[in-house]
Amino acid sequence: MPFASTRPRAMVLLLASMLVATASIRAAAAEPERPSPAADGSIESIKEAVVASIDRQRVELTDLSDRIWEYAELALRETRSARALADAAERHGFRVERSVAGMPTAFVASYGRGRPIIGILGEYDALPGLSQKPVSRKEPLVSGGAGHGCGHNMFGAASLGAAIAVKERIEAGALQGTVRFYGTPAEESIGGKIYMARAGLFDDLDMCLAWHPGTEIKVDTDSSLAMVDFFVDFSGKAAHAAYDPWNGRSALDALELFTHALNLMREHVRPTVRIHYTVVRGGDVPNVVPEHARLWCWIRDEKKASVDALLERARSMARGAALAAGVESEVAVQSGSYEMLVNLAAAGVVQLNLERLGPLRFTEEQQRFARSIQEAAGVEPAGLVETITPLDPDPGATDRGSTDVADVSWVVPTVDLTVTTSPAGAPWHAWPVVATGGMSIGHEGLIYAAKALATTMVDLYLDPRHLQAIRSEFEDRTRGHVYRAYIPEGPPPVPHD
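Residues numbered from 1 in each chain as written. Predicted model: local features only at pLDDT ≥ 70, side-chain atom pairs only at ≥ 80, totals over all residues. Heavy atoms only, no water.

Caption draft 1: The arrangement of the nonpolar core in detail. Of all hydrophobic cores here, the largest spans 107 residues; its most connected members are F94, L121, F202, M207, W211 and L354. Tallying contributions element by element places helix α13 (residues 440-462) first for this core, with 14 residues. Not counting the four nearest positions on each side in its chain, M207 is found in contact with I117, I118, G119, A346, V412, P413, T414, V415, L460, L467 and I470. Counting residues in each nonpolar core, the second largest holds 31 residues, with A254, M265, A293 and L311 among its members. (Core = buried A, V, L, I, M, F, W, Y, C linked by side-chain atoms within 4.5 Å. Buried < 20%, exposed > 50% of the residue type's maximum accessible area, 1.4 Å probe, protein only. Helix = DSSP H or I, 4+ residues; strand = E, 2+ residues; numbered from the N terminus. Contact = heavy atoms within 4.5 Å.)

As structure tokens, this is what we get:
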């Protein structure tokens, strides 16, 4: 996770005020000033109302999160998880369009009419092999089963809770505009949001919000890594490995040559580059020269342009390995994502709402549970982070992973925040995240996240200067850029058992 900043709160206030002030004159010229709410409908009272709504939803939201945690469905198989969220949105009066962008587990839930149109993202896919009971030691719930090692069970539930709270204020006449909750599948594999972005589902948004479970409370200003996800296939000629190996051409030889070249390349790339792969197929039995071999590879770096260049180097290596082994090669891109386009104007608005909410308080029992996990994981037993990290407008190089939220950020202004749901230092995409995500620690984090998202949306609906500053920054940073999805033509892949 990103390192914490030590910048004082005064910088946050100054940054937010400067960004708003920069756009205030243009905002006034572009549209009439929206009337201030009446005394009994002030911004603060509306924020109190959305917070109270989320408190009322606590049982429903935590139950929803726990059900998705129990389902633990893998990418593009999240049938019950998607249905649970979409059905809940319908019960609360949203119009739900299901099976969007060619994915049966993707949906869009909308309420209201007119502008501004503010979207909020939700995820719900799990990871393979991470099944875990909600206990402070490694103990699978289902041997070899899937688990929510990235906390997406909480992600979807909290975002829906925020959308419901805002919907209630629109319905009451305190807010005007449209709220959309996006059910986005397969973040951990193909990147469902990328297909949704290519289908134009985010094009008319004024703003989009997201959050993610984590080990601290902060607005994310450190971007993410761009990445490309691809297969390398080699096709040779089978033969008896002892009787007549000279008649064979080994696809596995080519694969080994390719991985050797890829690993040699590590010395000659920037330190920010990450390369990881797994051998999907390397032959069937030892006494047959392997006719087919397949490698699955991800390459990441801070900018998509660098990833593009590294992919071309990998293509050349595949051709060279195939030539050396006397076989054929094919490189097929499956998916990929941009780096996150940070919007500091939006980050300043979120930061002030985090500070309005104050620290996240865990009980001593929850802290003991977290320390037990840290001891079991071999890290410092420091417990759960409750404090809010000061906003850092220039955090330097990212040390984060990749996300398909980043593609959304190049289509519409997007802001992302992290909320504590797991103990600091314990491994991510691992059993500790699954354990805390299925019990009260995760519940506290998701409720806090829902409140932060909902109160931020109140500011965006009621003060046009915020959206003007956010849009101005977005247009400045994307000028001349045309978004092109980093996925092959055609529909999303069909999952195979």
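Caption draft 2: Structural detail: the packing of helix α9 (residues 344-357) against helix α14 (residues 464-478). Their axes nearest at 7 Å, the elements α9 and α14 cross at an angle of 145°. Contact with α9, carried on its side by L344, A345, A346 and V349, involves H466, A469, I470 and E473 of α14 and no other residues of that element. Its residues assigned to classes, the contact of α9 with α14 comprises six nonpolar, one polar and one charged. (Axes fitted to C-alpha atoms, helices over the stretch in contact; angles between N-to-C directions. Nonpolar A, V, L, I, M, F, W, Y, C, P; charged D, E, K, R; others polar.)

Caption draft 3: Representation of helix α7 (residues 251-265) in the model. In a regular helix each residue adds 1.5 Å, so 15 residues correspond to 21 Å; α7 covers 21 Å between its end C-alpha atoms and thus fits that length. Inspection of α7 places A251, A254, L255, F258, T259, L262 and M265 among the buried residues, and these make up the whole buried set. Angular distribution of buried residues about the axis of α7 spans 135°; they occupy a single face of the element. Contact partners of the buried residues in α7: β7 (226-235), β8 (274-281), β9 (292-301) and α8 (304-325). Here α7 starts with a cap whose side-chain oxygen sits 3.2 Å from the backbone nitrogen of L252, and that cap is S250. (Expected span 1.5 Å × (residues − 1). Arc of directions from axis to C-beta. Polar contact = N/O pair within 3.5 Å; in protein donor to acceptor, adjacent residues only side chain to side chain.)

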